[in-house]
Amino acid sequence: MSTTLDASRAELALLVLYLNKAEARDKICRAIQYGSKFLSNGEPGTAQNVDKSTSLARKVFRLFKFVNDLHALISPPAKGTPLPLILLGKSKNALLSTFLLLDQVVWLGRTGIYKNKERAELIGRISLFCWLGSSVCTTVIELSEIARLSASMKKLEKELKKTNKYQDERYATKLKQSNDRVLALVKASMDVVVAVGLLQLAPKKVNPRVTGGFGFISSLISCYQLLPSSSKAKVP
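All values derive from a computational prediction rather than experimental measurement. (Residues numbered from 1 in each chain as written. Predicted model: local features only at pLDDT ≥ 70, side-chain atom pairs only at ≥ 80, totals over all residues. Heavy atoms only, no water.)

1. Re the overall build of the protein
Then step 1. Summing up its helical and strand segments, the protein has nine helices and zero strands in all.
Then step 2. Counting helices and strands in the order they occur from the N terminus, the protein gives α-α-α-α-α-α-α-α-α.
Then step 3. Each principal axis of the C-alpha atoms in the protein carries an extent, and together these give about 70 × 55 × 35 Å.
Then step 4. Burial statistics for the protein: of 236 residues in total, 36% are counted as buried.
Then step 5. Total accessible area computed for the protein in this model is approximately 14,300 Å², and 64% of it derives from carbon and sulfur atoms.
Then step 6. In the protein, 36 side chains carry a positive charge and 18 a negative one; their mean positions are 3 Å apart. (Helix = DSSP H or I, 4+ residues; strand = E, 2+ residues; numbered from the N terminus. Buried < 20%, exposed > 50% of the residue type's maximum accessible area, 1.4 Å probe, protein only. Areas by Shrake-Rupley, 256 points an atom, 1.4 Å probe, with all protein chains shown as cover. Lys, Arg positive; Asp, Glu negative; His and termini not counted. Charge placed at Lys NZ, Arg CZ, Asp CG, Glu CD.)

Dropping the structure here:
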């Protein structure tokens, strides 16, 4: 009984730790937002109201979040990173930081603090293009990193021909990194579709339901990525 209670306390402690992250709460709200968009399919009603109100609430969680990517932009890159990947990474940081900064103006416009509605809408559209650009950069970066990891793993496999490669710590680490990169690639690719849908660049193919569906799955991936490592291990 005591062991079960201790295990429950530990699980609750991890849940509290998870929910204390502003980023985690933002992604949970994002899942609600895009789930509502999927249900509403752009039609007026309760689901659309939930979509709009959650979208506005999320902007509070992102206040001054642009500083994170601004810091990453001016930070030195990891050693051994090829120049094209460095440039792509810095472009992603610049675009994402701009998106988050402009998003604050959109929030000010929706709350009525910023009175120029037309300019707020224009800024909102520019911010979405920045997010689209950053998602494209992320997709290319993840593809390149997966290719680099794959080459590194094949080289390691040759060294471990006579042993069980899955028991080697180096191989296990690279395999985990590769799996994490693949998940990040799926998420970034879905975010590209979501951005295209929000910008209405292909309204016939990427309608509100498609946008909502892709955004919901992308949000669930983000929620999973933010889980503590011990909780991830328990997720099948």
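Having seen the structure, we can now continue with the description.
2. Topic: helix α5 (residues 83-111)
Because each turn of an α-helix spans 3.6 residues, side chains separated by three or four positions end up pointing in the same direction.
Then step 1. Given a rise of 1.5 Å per residue, 29 residues ought to cover 42 Å, and the 42 Å separating the end C-alpha atoms of α5 matches this to within 8%.
Then step 2. With its phi angle positive at about 95 degrees, G112 sits one or two positions after the end of α5. (Expected span 1.5 Å × (residues − 1).)

3. Focus on the packing of aromatic side chains
Then step 1. One pass over the full model with this rule turns up one aromatic pair.
Then step 2. Taking the centre distance of 6.1 Å and the plane angle of 25 degrees together, the rings of F99 and W131 count as stacked. In this pair, F99 sits in helix α5 while W131 sits in helix α6 (residues 117-159), placing the two residues 32 residues apart along the sequence.
Then step 3. In this structure W131 comes out as buried when scored by relative accessible area, which is 11%. (Phe/Tyr/Trp six-rings, centres within 6.5 Å; stacked < 30°, edge-to-face > 60°.)

4. Looking at the environment of F129
Then step 1. Here F129 shows up in helix α6.
Then step 2. In this structure F129 touches L199 and L201, once residues within four positions along its chain are discounted. (Contact = heavy atoms within 4.5 Å.)

5. Some words on the environment of L122
Then step 1. Position of L122 among the secondary structure elements: in helix α6.
Then step 2. Distance in space between the C-alpha atoms of L122 and V106 is 9.2 Å, their sequence separation being 16 residues.

6. Section: the nonpolar core
Then step 1. Among the nonpolar cores identified, the biggest contains 13 residues, and F99, W131 and L132 are the most heavily contacted of them.
Then step 2. The set of elements that each furnish at least two residues to this core consists of α5, α6 and α7 (169-199).
Then step 3. Excluding residues within four positions of it along the chain, F99 makes contact with R62, S127, L128, C130 and W131. (Core = buried A, V, L, I, M, F, W, Y, C linked by side-chain atoms within 4.5 Å.)

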